[in-house]
Amino acid sequence: MLGLQKAAVLGAGQMGSGIAQVLAASGLTVALYDTEPGALKRGLAVIGDSLARFVAKGKMTEREREETVARIVPVTELDRIGDARLVVEAVPERLALKRQLFAELDRQCGPDTIMATNTSSLSITAIAASTRRPDKVIGMHFMNPVPVMALVELVRGLATSDETFAAVKELARKLGKTPVEARDYPGFVSNRLLMPMINEAVYALYEGVASPEDIDAVMRLGMNHPMGPLALADLIGLDSCLAIMETLHDGFGDSKYRPCPLLRNYVQAGFLGRKSGRGFYVYA
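Named according to an unreviewed UniProt entry, the chain is 3-hydroxybutyryl-CoA dehydrogenase originating from Paenibacillus thailandensis. Within the UniProt record for the chain, the comment given under Pathway (unreviewed entry) is "Lipid metabolism; butanoate metabolism." The Sequence similarities (unreviewed entry) field of the UniProt record for the chain holds the comment "Belongs to the 3-hydroxyacyl-CoA dehydrogenase family."

Right under this line is the structure:
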């Protein structure tokens, strides 16, 4: 995006903090917004740790680290991001929440501001419909961990303009990412393929086919995956996996996307993976 100097990221969780980091590392001033000061503090700490690892590995100088940190401004008031030319939303995967937030952004931001959502499965068209500028709304789905993973899924809503798509594609490349285009169908490409695999791994565990360790070993050692599907689910968050499977099931109406009952049970028990200390594995 030529001339872009200021951006904003909404949500200081794992994804939001990673997006803020890569935007700031590219030279942009970034307002990192969250309603919870504690979440902002944790997000900034995660960014600090990530940048320190980049310095330790020789991928960034100490001066570059300091400059990147200085370009990230934490804010708890939405009206403080009004001058951003790009806003990337990374709040929890609830359509009603995202629509409410985009409607408010539409009132706060200038008419030329592009509004992107990091949703991993929800309808870009439905989110855009809550604004008066659906042509400037686009899906910008980063992979986790954002500073490391190269892929960004760019998802057009029905009204997303060619100009918006081209500007965000240009920005993705500036960030050192590889953009791929996906149409606005549930799960896009990444989660339409990934989540059914994870769900089937949960079914294999549910039906007693093998232990979590052995299911993951088959995929790591037999299929050359860097991480087994159950360990990956723990990293993503089992609540997020369930939400995406429900989106696929509701969106397509196909029984092949039905979430495994064991996945539902784990989420109901609060076994959400790494973030809760227990999922398919137990974490210290």
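Before going further, it helps to examine the pairing of strand β7 (residues 151–156). For β7, the tally of buried residues reaches five of six residues, placing the bulk of the element in the interior. Looking at chain direction, strand β6 (residues 137–142) and β7 are connected through five bridges and run antiparallel. The residue bridging M140 from the neighbouring strand is L154, located in β7. In this sheet, strand β8 (residues 178–182) lies alongside β7 in parallel orientation, the contact comprising five bridges. Residue pairing across strands places L151 opposite T178, the latter belonging to β8.

This next bit is on helix α4 (residues 95–108). Spacing of three or four residues puts side chains on the same side of an α-helix, whose turn is 3.6 residues. Look at α4: 20 Å from first C-alpha to last across 14 residues, which is about the 20 Å you get at 1.5 Å a residue. Within α4, the full set of buried residues consists of K98, L101, F102, A103, L105 and D106. Along its buried surface, α4 packs onto β1 (6–10), β4 (86–89), β5 (114–117), α5 (124–128) and β6.

The next thing to look at is the pattern of salt bridges. Where charged atoms of side chains with opposite charge meet at close range, the side chains can pair. Going through the model one piece at a time under the given rule, you end up with 13 salt bridges. Put simply, E181 and R183 hold a salt bridge, and the shortest N to O gap is 3.9 Å. Salt bridges sharing common partners tie together R156, D162, E181 and R183.

With that out of the way, let us pick up the UniProt feature "domain: 3-hydroxyacyl-CoA dehydrogenase NAD binding" (unreviewed entry) in the chain. As annotated by UniProt and renumbered to match this structure, "domain: 3-hydroxyacyl-CoA dehydrogenase NAD binding" (unreviewed entry) occupies residues 6–184. Secondary structure across residues 6–184 divides into 41% helix and 22% strand, with the first and last C-alpha atoms of the span separated by 27 Å.

Attention now moves to the environment of I81. By the element assignment, I81 lies in the loop between β3 (72–75) and β4. Since its relative accessible area comes to 0%, I81 is described here as buried. The contact partners of I81, leaving out residues within four places of it in the chain, are A8, L10, A31, V75, V87 and L105.

Turning to the pairing of β1, a few remarks are in order. With respect to burial, β1 is a largely interior element, four of its five residues being buried. Direction of pairing for β1 relative to strand β2 (residues 29–33): parallel, over a ladder of five bridges. Within β2, the position partnered with A7 by the bridge is V30. What joins β1 to β2 is helix α1 (residues 14–25), and the crossover it makes is right-handed. In this sheet, β4 lies alongside β1 in parallel orientation, the contact comprising four bridges. Within the sheet, the bridge partner assigned to A7 lies in β4 and is L86.

Cut-offs and rules
- Residues numbered from 1 in each chain as written.
- Predicted model: local features only at pLDDT ≥ 70, side-chain atom pairs only at ≥ 80, totals over all residues.
- Heavy atoms only, no water.
- UniProt positions renumbered as here; feature names shortened; annotations may be inferred.
- Buried < 20%, exposed > 50% of the residue type's maximum accessible area, 1.4 Å probe, protein only.
- Helix = DSSP H or I, 4+ residues; strand = E, 2+ residues; numbered from the N terminus.
- Pairing = 2+ DSSP bridges.
- Expected span 1.5 Å × (residues − 1).
- Contact = heavy atoms within 4.5 Å.
- Salt bridge = Lys/Arg side-chain N within 4 Å of Asp/Glu carboxyl O.
- Right-handed = clockwise from strand over helix to strand, strands pointing away.

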